[in-house]
Amino acid sequence: MSMDTKETILSAARAAAQAHGYGGLNFRDLAAQVGIKAASLHYHFPTKADLGAAVAKRYWQDTAAALEAMRGEMPDAGDCLRRYPSIFRRSLENGNRMCLCSFMAAEFDDLPEAVRDEVENFANINVSWLSETLVAAGLTDPAEAEKRARAIFAAVSGAQLLARSRADITLFDELVGSYRQAGLLPG
């Protein structure tokens, strides 16, 4: 199996998990989509837990890279905070999907430990980035940054969930706008 096959599997698994959660990771369906035999999928991912953990890990790593790239492109921390919700909006733009780790967080009690760990990592990198960026923007002091970062992360994740349940991306935008009006996010 080539590395390209592994990447194709991860990409297909990501799309399935964003639409159906951890329960949507079905080896037979993924193998058919990728064009390999289900048994061949086990070469790269011996168990569903291995696949789920790899997909969640890749997802938070991609998110961390996107957040750092945003920081590199936009030296103004306030601009970064204004742009932050767009990361979650992209999933909605892509077939009304959910943030993969938000979807899996809803299944937390049923996830294997390795998958739970990666889902927690996703939340941690978001809260950490938000905390650092809030302080850099001068919007909060370091002692209060994590509380506000958690509130922002929860609010934006919740806006995505509500918008998805209505298949209405404008609802996401309206909610984010209300967070700006309330002062949770910079305007």
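Model, not experiment: these values are computed from the prediction.

**Q** Looking at this structure, how should I read the side chain of Ser 91?
**A** Within the fold, Ser 91 resides in helix H6 (residues 85-93). Those residues in contact with Ser 91, other than ones at most four positions away along the chain, are Gln 18, Tyr 59, Asn 96, Arg 97, Met 98, Cys 99 and Gln 160.

**Q** When you look at the pattern of salt bridges in this model, what are you seeing that I'm missing?
**A** A pair can form between side chains of opposite charge whenever their charged atoms are brought close. By the definition in use, this model includes 11 salt bridges. In this structure, Arg 58 and Glu 7 form a salt bridge, with 2.6 Å as the shortest nitrogen-oxygen distance. Residue Arg 58 is found in helix H4 (residues 48-73), and its partner Glu 7 is found in helix H1 (residues 3-20); the two are separated by 51 residues along the sequence. Residue classification places Arg 58 among the partly exposed residues on the basis of a relative accessible area of 28%. Assessed through its relative accessible area of 32%, Glu 7 is described here as partly exposed. The salt bridge involving Arg 89 is made with Asp 173; its shortest N-O contact spans 2.7 Å. Here the residue Arg 89 occupies a position in helix H6, and Asp 173 occupies one in helix H10 (residues 169-182), the gap between them amounting to 84 residues. The exposure class assigned to Asp 173 is partly exposed, which follows from its relative accessible area of 34%. Each of Glu 68, Arg 71 and Glu 132 takes part in one network of salt bridges that share partners.

**Q** In this structure, what is going on with the packing of helix H8 (residues 113-136) against helix H9 (residues 142-166)? I would like to understand it.
**A** The relative placement of two packed helices is expressed as an angle between their axes plus a distance between the axes. Contact geometry of H8 with H9 gives a least axis separation of 8 Å together with a crossing angle of 125°. When the axis of H8 is compared with that of H9, the two are oblique. Between H8 and H9 the crossing geometry is right-handed. Residue-level inspection shows Phe 122, Ala 123, Asn 126, Val 127, Leu 130, Ser 131, Leu 134 and Val 135 of H8 in contact with H9, the latter providing Pro 142, Ala 145, Glu 146, Arg 148, Ala 149, Arg 150, Ile 152 and Phe 153. Along the lines of polarity and charge, the residues of the contact of H8 with H9 split into 11 nonpolar, two polar and three charged.

**Q** Would you take a moment to explain the layout of surface pockets for this structure?
**A** One water molecule sets the probe size; rolling that probe over the atoms shows where empty space is left. For the largest pocket, the calculated volume is near 190 Å³. Lining the largest pocket are 14 residues; nearest its centre among them are Arg 14, Tyr 59, Ile 87, Arg 90 and Ser 91. Contributions of two or more residues to the lining of the largest pocket are made by H1, H4 and H6. In the lining of the largest pocket, the residues fall into six nonpolar, four polar and four charged.

**Q** Where do I start with the environment of Ala 106 in this structure?
**A** With respect to the helices and strands, the residue Ala 106 is situated in helix H7 (residues 100-106). In this structure the C-alpha to C-alpha distance between Ala 106 and Ile 9, which are 97 residues apart in sequence, comes to 23 Å.

**Q** Even after reading the chapter, I still don't get the packing of aromatic side chains, so can you show me in this structure?
**A** Pairs of aromatic rings are described using the distance from one ring centre to the other and the angle between the two planes. Counted according to the given criterion, the structure contains six aromatic pairs. Ring geometry for Tyr 59 against Phe 122: centres 5.5 Å apart, planes inclined by 40°, an arrangement best described as tilted. Separated by 63 residues along the polypeptide, Tyr 59 in helix H4 and Phe 122 in helix H8 bring together distant segments of the chain. Geometry around Phe 108 places Arg 116 over its ring, the cationic atom sitting 5.8 Å from the centre.

**Q** Help me understand the packing of H6 against H10, please; the structure alone is not making it clear to me.
**A** At a minimum axis distance of 10 Å, the contact between H6 and H10 shows a crossing angle of 165°. Taken together, the axes of H6 and H10 lie roughly antiparallel to each other. As for how H6 packs across H10, the hand of that crossing is right-handed. Residues Pro 85, Phe 88, Arg 89, Leu 92 and Glu 93 of H6 form the contact with H10, whose own contacting residues are Ile 169, Phe 172, Asp 173, Val 176 and Arg 180. Counted by class, the contact of H6 with H10 contains six nonpolar, no polar and four charged residues.

Conventions used here
Residues numbered from 1 in each chain as written. Predicted model: local features only at pLDDT ≥ 70, side-chain atom pairs only at ≥ 80, totals over all residues. Heavy atoms only, no water. Helix = DSSP H or I, 4+ residues; strand = E, 2+ residues; numbered from the N terminus. Contact = heavy atoms within 4.5 Å. Salt bridge = Lys/Arg side-chain N within 4 Å of Asp/Glu carboxyl O. Buried < 20%, exposed > 50% of the residue type's maximum accessible area, 1.4 Å probe, protein only. Axes fitted to C-alpha atoms, helices over the stretch in contact; angles between N-to-C directions. Parallel < 35°, antiparallel > 145°, perpendicular 65-115°, else oblique. Left-handed = near helix turned anticlockwise from the far one by under 90°. Nonpolar A, V, L, I, M, F, W, Y, C, P; charged D, E, K, R; others polar. 1 Å grid on protein atoms, 1.4 Å probe; cavity = no way out; pocket = protein on both sides within 12 Å on 5 of 7 lines; lining within 4 Å. Points joined across faces, edges and corners; volume = space filled by probe spheres on them. Phe/Tyr/Trp six-rings, centres within 6.5 Å; stacked < 30°, edge-to-face > 60°. Lys NZ or Arg CZ within 6 Å of the ring centre and 35° of its normal.

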